[in-house]
Amino acid sequence: EAGVTQSPTHLIKTRGQQATLRCSPISGHTSVYWYQQALGLGLQFLLWYDEGEERNRGNFPPRFSGRQFPNYSSELNVNALELEDSALYLCASSPGTGLGEQYFGPGTRLTVT
Amino acid sequence: AQSVSQHNHHVILSEAASLELGCNYSYGGTVNLFWYVQYPGQHLQLLLKYFSGDPLVKGIKGFEAEFIKSKFSFNLRKPSVQWSDTAEYFCAVNAGYGGATNKLIFGTGTLLAVQP
């Protein structure tokens, strides 16, 4: 069974630009989650999508947004990039019949210069 | 606010030593509990999970964890560590499963180094 995949692996952007990160969940999983792992801040919940809808949002500004497509894949958009947005962005997925466990992808390393 | 505390930030052990990593959470209601592991160069993997029933749960690679509700704890244990257990370990809680606040709240992680 293929795991969660994310692209790109690395992304380098300049402050003020926009970044788009992509995620494909495990086949059969309907929920996708995004987390930020920044140095010194640990893993922070960003967004949860289920059946194409945003269900929950973490304590992040509106310039962090995303969407989920009909095939359950998802993209995370970060507008007006700031230096502190540099982090590893992790995507996770879970089955609709699960009990809260989430399965993680390898992440996208975003560097803002 | 809900939070997860991992008291050991960096642990160094010799092979064959026993391991116990502490995890405490702050939430009075029903929670689902998880330990994740991140081996060097690899992504986060689910090590074990607790939903209900027997408070002693067994995971992969000989790891186990005990849920003590009265202490709000979910400590990870392994009787005899191996060099290959060198990794970062994260405790996580999902207090909102099934509702609008479904998300994992992670501890800050414990870096385990096992010396051969």
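In what follows, the accompanying structure is described.

Remarks on the packing of aromatic side chains
Residue and element names in this part refer to chain A.
Part 1: As enumerated under the stated definition, the model contains 16 aromatic pairs over all chains in all.
Part 2: Considering the side-chain rings of Y35 and F104, the 5.5 Å spacing of their centres and the 50 degrees angle between planes classify their relative orientation as tilted. On the criterion of sequence distance, the pair formed by Y35 in strand β4 (residues 29-38) and F104 in strand β10 (residues 103-104) is long-range, its members being 69 residues apart.
Part 3: Residue Y35 is classed as buried on the basis of its relative accessible area of 0%.

A word on the interface of chain B and chain A
Part 1: With 19 residues of chain B at the contact, the number on the chain A side is 19 residues.
Part 2: Buried surface at the junction of chain B and chain A, both sides included, amounts to about 1,600 Å², of which 58% is carbon and sulfur.
Part 3: On the surface where chain B and chain A come into contact, there are one salt bridge.
Part 4: Residue A:E101 is joined to B:K49 by a salt bridge in which the shortest nitrogen-to-oxygen separation is 3.8 Å.
Part 5: In this assembly, chain B and chain A are joined by three residue pairs in polar contact (both at pLDDT 80 or more).
Part 6: Looking at the side of chain B that touches chain A, the elements with two or more residues in it are β5 (32-38), β6 (45-50) and β10 (87-94) of chain B.

Digging into the side chain of B:S73
Residue and element names in this part refer to chain B.
Part 1: As for its position among the elements, S73 is in strand β9 (residues 73-78).
Part 2: When its relative accessible area of 5% is taken as the criterion, S73 is described as buried.
Part 3: If near-sequence neighbours (up to four positions away) are discounted, S73 is found in contact with C23, N24, Y25, E66, F67 and I68.

Some remarks on the state of the cysteines
Part 1: As enumerated under the stated definition, the model contains two disulfides over all chains in all.
Part 2: One disulfide in the model links A:C23 with A:C91; its S-S distance is 1.8 Å. One quick way to see it: the torsion about the S-S bond of A:C23 and A:C91 is about -65 degrees, and its sign makes the bridge left-handed. Placement of the pair is A:C23 in strand β3 (residues 19-24) and A:C91 in strand β9 (residues 87-95), with a sequence separation of 68 residues. Here A:C23 matches A:C91 in class, with each residue buried.
Part 3: Residue B:C23 pairs covalently with B:C91 via a disulfide, S to S 1.9 Å. Disulfide B:C23-B:C91: torsion about the S-S bond near -65 degrees, hence left-handed.

Focus: the nonpolar core
Part 1: Judged by nonpolar contacts, the single largest core of 30 residues is most densely connected at B:L33, B:W35, B:L48, B:F74, B:L76 and B:Y89.
Part 2: Sort the elements by how many residues they give to this core and β10(B) lands first, with four residues.
Part 3: In terms of nonpolar packing, the next biggest core, distinct from the first, is built from 22 residues, A:L11, A:V32, A:L76 and A:C91 among them.

Quick word on the environment of B:R77
Residues and elements named next belong to chain B.
Part 1: Note that R77 resides in strand β9.
Part 2: For R77, a relative accessible area of 22% gives the class partly exposed.
Part 3: Note: C-alpha distance between R77 and E66 (eleven residues apart in sequence) is 8.2 Å.
Part 4: Residues within four places of R77 in sequence aside, it is in contact with L19, E20, L56, G62, F63, E64 and E66.
Part 5: Side-chain polar atoms of R77 contact the side chain of E66, separated by 3.1 Å.

Details of the sheet that holds strand β7 (residues 64-68) of chain A
All names here are of chain A.
Part 1: Taken together, the four strands give an open sheet; going across it, the order is β1-β3-β8-β7, and neighbouring strands pair in antiparallel fashion. Of all strands in the sheet, those bounded by a partner on one side alone are β1 (5-7) and β7. The sheet shows a mean angle of 20 degrees between the axes of neighbouring strands, taken without regard to direction.

What counts and how
Residues numbered from 1 in each chain as written. Chains lettered and ligands numbered in written order. Predicted model: local features only at pLDDT ≥ 70, side-chain atom pairs only at ≥ 80, totals over all residues. Heavy atoms only, no water. Phe/Tyr/Trp six-rings, centres within 6.5 Å; stacked < 30°, edge-to-face > 60°. Helix = DSSP H or I, 4+ residues; strand = E, 2+ residues; numbered from the N terminus. Buried < 20%, exposed > 50% of the residue type's maximum accessible area, 1.4 Å probe, protein only. Contact = heavy atoms within 4.5 Å. Buried area = accessible area lost by both parts, 1.4 Å probe. Salt bridge = Lys/Arg side-chain N within 4 Å of Asp/Glu carboxyl O. Polar contact = N/O pair within 3.5 Å; in protein donor to acceptor, adjacent residues only side chain to side chain. Disulfide = S-S within 2.5 Å. Core = buried A, V, L, I, M, F, W, Y, C linked by side-chain atoms within 4.5 Å. Pairing = 2+ DSSP bridges. Axes fitted to C-alpha atoms, helices over the stretch in contact; angles between N-to-C directions.

Interpretation note: all reported values are geometric properties and have no functional meaning in isolation.
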